[in-house]
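Breakdown of the fold
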Amino acid sequence: TQLVDTPDNIEILMSNGFQHITYEIKVEQKDIGKVLGREGRNIKAIRTIAQSIAAKNRFYASVEVLDV
């Protein structure tokens, strides 16, 4: 199953700073709740994965969810 109803409208942007990576996940307004998940579980899992990958390269990562 898919996490969102409109997967074609998802956009993920990455910007690099000094030892910091920011991921912006842009989704449809109706899909924001699904990306966040119940009590924020989905976004916490996404952030944990992003931070653990970044930490291997001695970076800090942040993830933001935006509506299109």
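Residues numbered from 1 in each chain as written. Predicted model: local features only at pLDDT ≥ 70, side-chain atom pairs only at ≥ 80, totals over all residues. Heavy atoms only, no water.

1. With respect to the overall build of the protein chain
Within the protein chain, the secondary structure is distributed over 2 helices and 3 strands. Listing every helix and strand of the protein chain by position from the N terminus yields β-β-α-α-β. Considered along the principal axes of its C-alpha atoms, the protein chain spans approximately 35 × 20 × 20 Å. The burial tally for the protein chain puts 25% of its 68 residues in the buried class. Separation between the mean location of the 9 positive side-chain charges and that of the 9 negative ones in the protein chain comes to 10 Å. (Helix = DSSP H or I, 4+ residues; strand = E, 2+ residues; numbered from the N terminus. Buried < 20%, exposed > 50% of the residue type's maximum accessible area, 1.4 Å probe, protein only. Lys, Arg positive; Asp, Glu negative; His and termini not counted. Charge placed at Lys NZ, Arg CZ, Asp CG, Glu CD.)

2. Topic: the sheet that holds strand E3 (residues 60-67)
Taken in spatial order, the 3 strands of this open sheet run E1-E2-E3, and their pairing is mixed. Looking at strand neighbours, the two that pair on one side only are strand E1 (11-17) and E3, the edges of this open sheet. Between one strand and the next, the sheet's axes are offset by a mean angle of 20 degrees, whatever the strand orientation. Note: E1 against strand E2 (residues 20-27), 7 bridges, orientation antiparallel. Bridging across to E2, Ser15 finds its partner in Thr22. Taken strand by strand, helix H2 (residues 41-56) contacts E2 and E3, and its axis lies near 145 degrees from that of E3. (Pairing = 2+ DSSP bridges. Axes fitted to C-alpha atoms, helices over the stretch in contact; angles between N-to-C directions. Contact = heavy atoms within 4.5 Å.)

3. Overview of unusual backbone geometry
In terms of backbone geometry, most residues other than glycine have negative phi values and most peptide bonds are trans. The backbone of Glu39 shows a phi angle near 55 degrees, a positive value even though the residue is not glycine. Structurally, the position occupied by Glu39 is in the loop between helix H1 (32-36) and H2. For Glu39, a relative accessible area of 64% translates into the label exposed. For Arg58, which is not glycine, the phi torsion reads 60 degrees and is therefore positive. As for its position among the elements, Arg58 is in the loop between H2 and E3. Residue classification places Arg58 among the exposed residues on the basis of a relative accessible area of 71%.

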